[in-house]
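What the coordinates show
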Amino acid sequence: MKHKLLWAILLFVGYTNSHAQNFKRLHKKATVIDTHNDFISTGIEKNKSFDMALKGITHSDLNRMKTGGIDIQVFSIFCDENYGNGTAYAFANREIDTLYATVQRNPSKMMIVKTPEDLLSAVQSGKLGSMIGVEGGHMIEDRIEYLEAFFNRGARYMTLTWNNSTSWASSAADERAKHNLGRPYGLTSFGKEVVKKMNALGMIVDISHVGEQTFYDAIATSTKPVIASHSCTYSICPVPRNMTDDQIKALGKNGGVIHLNFYSGFVDSSFKQKNDAFLKKHEAEKNELLKNNPSDFYANLVLHEKYKDEIDGVRPSLSLLIDHLDHIVKLIGVDHVGLGSDFDGINSSPRELNDVTDMPLITQELLKRGYSKKDIHKILGGNFIRVFKANQQ
Ligand SMILES: [Zn+2]
């Protein structure tokens with residue numbers, strides 16, 4: 001009897017150890033691709049470089065990417081609606097310069113990826129494959145030649161709009177809030193021309209942030225699979241930035257991929273209310289912070305860091321994030337889902353995912369839910385590679 005018990009204990013310990021090694025080994029072996037990281041714009045704002053040690057300050061930096069097992073990172077090129085014609089394109093180029101300079105300073109650790117062949121060589125050489133995604137059509141300033149120039153500098157996706165509509169596409173925020181009076185609803189004929197030009201160049205159409213009408217117009221116009229670089233599901237968390245079941249099904253038919261956003265407010269429908277209550281409680285302190293730095297994002301970040309225990313209580317679980325993934329898989333299958341963290345562009349993420357080094361926990365959760373190794377390889381990066389290749393053909 002004693003022996004039986006001993007055997008049972010040994011088997012259990014063996015099982016847990018091999019399970020732990022399994023997910024780490026699988027995560028390391030897989031090509032892990034994150035389609036959305038905002039470090040470049042956040043770094044400019046905070047005066048920090050990606051090759052500095054920034055643990056506790058940002059979600060990501062060059063060395064922590066390695067710990068997180070990230071092979072390919074799409075860096076978002078971003079400026080908000082305060083930039084427009086005459087300023088947005090120049091600012092975007094300054095960000096691209098910043099990424100190129102970072103890669104040049106670290107030739108043994110990073111490389112720019114413009115083609116599927118580059119992607120493969122980055123993975124094989126163990127360098128962080130660095131891709132460029134332009135987050136917001138306002139950065140082309142209504143000029144096709146600026147779109148071409150972005151492509152030539154390496155941009156491989158463009159999000160048709162950010163929260164602000166352009167003169168040729170309406171955003172999710174504007175469509176839902178009906179702010180778009182006097183603006184386009186969906187894609188204008190120039191907007192369709194932009195999509196066709198992106199198809200011709202080999203630049204992926206990104207539909208995160210766009211309004212539903214723009215989404216359907218883009219899907220109908222594009223001859224190539226599109227992506228949502230950082231979005232979740234509306235049926236689990238009904239906010240305008242997430243995708244409805246009908247949109248998810250349409251994207252599945254198009255052959256595209258939805259990359260999950262880690263932002264607590266897109267993962268958990270109750271987060272906004274809880275976070276508002278937290279901010280209300282610390283309002284006086286927040287106002288003091290805003291006196292020194294008018295950025296709302298920065299003030300919230302400082303409060304989230306200072307009252308970590310308190311805010312941990314309102315952060316959703318990693319499990320809820322993976323519920324979004326399960327929901328998409330149930331609707332359109334495992335070939336249409338990936339990861340687009342939005343790290344360094346968000347001030348709250350699921351409590352297990354504190355920064356990029358926690359990425360392997362996603363693989364652990366996928367294994368726990370019974371996804372096969374083959375499926376996990378697809379989710380972590382294979383699906384994006386398929387769409388990238390299809391767009392470059
Ligand atoms: Zn975004």
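Refer to the structure above for everything that follows.
Residues numbered from 1 in each chain as written. Predicted model: local features only at pLDDT ≥ 70, side-chain atom pairs only at ≥ 80, totals over all residues. Heavy atoms only, no water.

Some words on the overall build of the chain
Counting secondary structure elements, the chain contains 18 helices and nine strands. Here the chain has a C-alpha radius of gyration of 21 Å; the compact-globule value for 393 residues is 21 Å, and the two agree. Taken along the three principal axes of its C-alpha coordinates, the chain extends 80 × 55 × 45 Å. Considering only contacts in the chain between residues 6 or more positions apart, those separated by 24 or more positions represent 73%. Taken as a whole, the chain presents about 17000 Å² of accessible surface, with 54% of it coming from carbon and sulfur. The averaged location of the 45 negative side-chain charges in the chain is 7 Å from the averaged location of its 47 positive side-chain charges. (Helix = DSSP H or I, 4+ residues; strand = E, 2+ residues; numbered from the N terminus. Rg over C-alpha atoms; globule rule 2.2 N^0.38 Å. Contact = heavy atoms within 4.5 Å. Areas by Shrake-Rupley, 256 points an atom, 1.4 Å probe, with all protein chains shown as cover. Lys, Arg positive; Asp, Glu negative; His and termini not counted. Charge placed at Lys NZ, Arg CZ, Asp CG, Glu CD.)

Some words on the packing of helix α6 (residues 144–152) against helix α8 (residues 189–201)
Taken N-terminus to C-terminus, the directions of α6 and α8 make an angle of 25 degrees; their axes are 11 Å apart at the nearest point. By the angle between their directions, the pair α6 and α8 is classed as roughly parallel. Our pair here, α6 against α8, has a crossing hand that is right-handed. Residue-level inspection shows Ile144, Leu147, Glu148 and Phe151 of α6 in contact with α8, the latter providing Phe190, Glu193, Val194, Lys197, Met198 and Leu201. Of the residues that constitute the contact of α6 with α8, the class distribution is seven nonpolar, no polar and three charged. (Axes fitted to C-alpha atoms, helices over the stretch in contact; angles between N-to-C directions. Parallel < 35°, antiparallel > 145°, perpendicular 65-115°, else oblique. Left-handed = near helix turned anticlockwise from the far one by under 90°. Nonpolar A, V, L, I, M, F, W, Y, C, P; charged D, E, K, R; others polar.)

A few points about the environment of Thr188
By the secondary structure assignment, Thr188 is in the loop between α7 (172–177) and α8. With a relative accessible area of 27%, Thr188 lands in the partly exposed category. The spacing of Thr188 and Asp358 is 170 residues in sequence and 42 Å in space, taken between C-alpha atoms. Contacts of Thr188, omitting those with residues within four sequence positions, involve Ser167 and Trp168. (Buried < 20%, exposed > 50% of the residue type's maximum accessible area, 1.4 Å probe, protein only.)

What about the pattern of salt bridges?
Tallied over the entire structure, the rule returns 20 salt bridges. Ionic pairing is found between Glu148 and Lys197, a salt bridge with its closest N-O pair at 3.3 Å. Placement of Glu148 in helix α6 and of Lys197 in helix α8 is noted, with a sequence separation of 49 residues between them. A relative accessible area of 30% means that Glu148 is categorised as partly exposed. Lys197 gets classed as partly exposed once you look at its relative accessible area, which sits at 25%. (Salt bridge = Lys/Arg side-chain N within 4 Å of Asp/Glu carboxyl O.)

Regarding the coordination of the zinc ion
The protein atoms that coordinate the zinc ion are Glu135 (OE), His209 (NE2) and His230 (NE2), at distances spanning 1.9 to 2.2 Å. Between the donor residues of the zinc ion, the gaps in sequence give the motif E-x73-H-x20-H. Separated by 95 residues along the polypeptide, Glu135 in strand β4 (residues 128–135) and His230 in the loop between β7 (227–228) and α10 (245–254) bring together distant segments of the chain. (Donors = N, O, S within 2.8 Å, 3.2 Å for Na, K, Ca; no water.)

Quick word on the side chain of Ser170
Position of Ser170 among the secondary structure elements: in the loop between β5 (155–159) and α7. Judged by its relative accessible area of 0%, Ser170 falls in the buried class. Here the side chain of Ser170 touches Gly186 through a polar contact of 2.7 Å, landing on its backbone nitrogen. (Polar contact = N/O pair within 3.5 Å; in protein donor to acceptor, adjacent residues only side chain to side chain.)

Quick notes on empty space enclosed by the protein
Here the idea is plain: a probe the size of a water molecule rolls over the atoms and shows the empty space left. Per the stated rule, a full pass over the model turns up one cavity of 30 Å³ or more. The wall of the largest cavity is formed by 15 residues, among which Ala172, Val210, Pro240, Asn242 and Gln247 lie closest to the centre. Of the residues assigned to the lining of the largest cavity, the class counts are five nonpolar, six polar and four charged. (1 Å grid on protein atoms, 1.4 Å probe; cavity = no way out; pocket = protein on both sides within 12 Å on 5 of 7 lines; lining within 4 Å. Points joined across faces, edges and corners; volume = space filled by probe spheres on them.)

Side note on the pairing of β5
For β5, the tally of buried residues reaches five of five residues, placing the bulk of the element in the interior. As paired elements, β4 and β5 share four bridges and run parallel to each other. What sits directly across from Glu135, in β5, is Thr159. As judged from the three bridges shared by β5 and strand β6 (residues 204–206), these two strands associate in the parallel manner. Pairing of Met158 across the sheet is with Val205, part of β6. (Pairing = 2+ DSSP bridges.)

What about unusual backbone geometry?
Within the chain, Asn47 stands out as a residue other than glycine whose phi angle is a positive 60 degrees. Phi is positive for Asp342, which is not a glycine, with a value near 70 degrees. Along the chain, Asp342 turns up in the loop between β9 (337–339) and α17 (360–368). For Asp342, a relative accessible area of 6% translates into the label buried.

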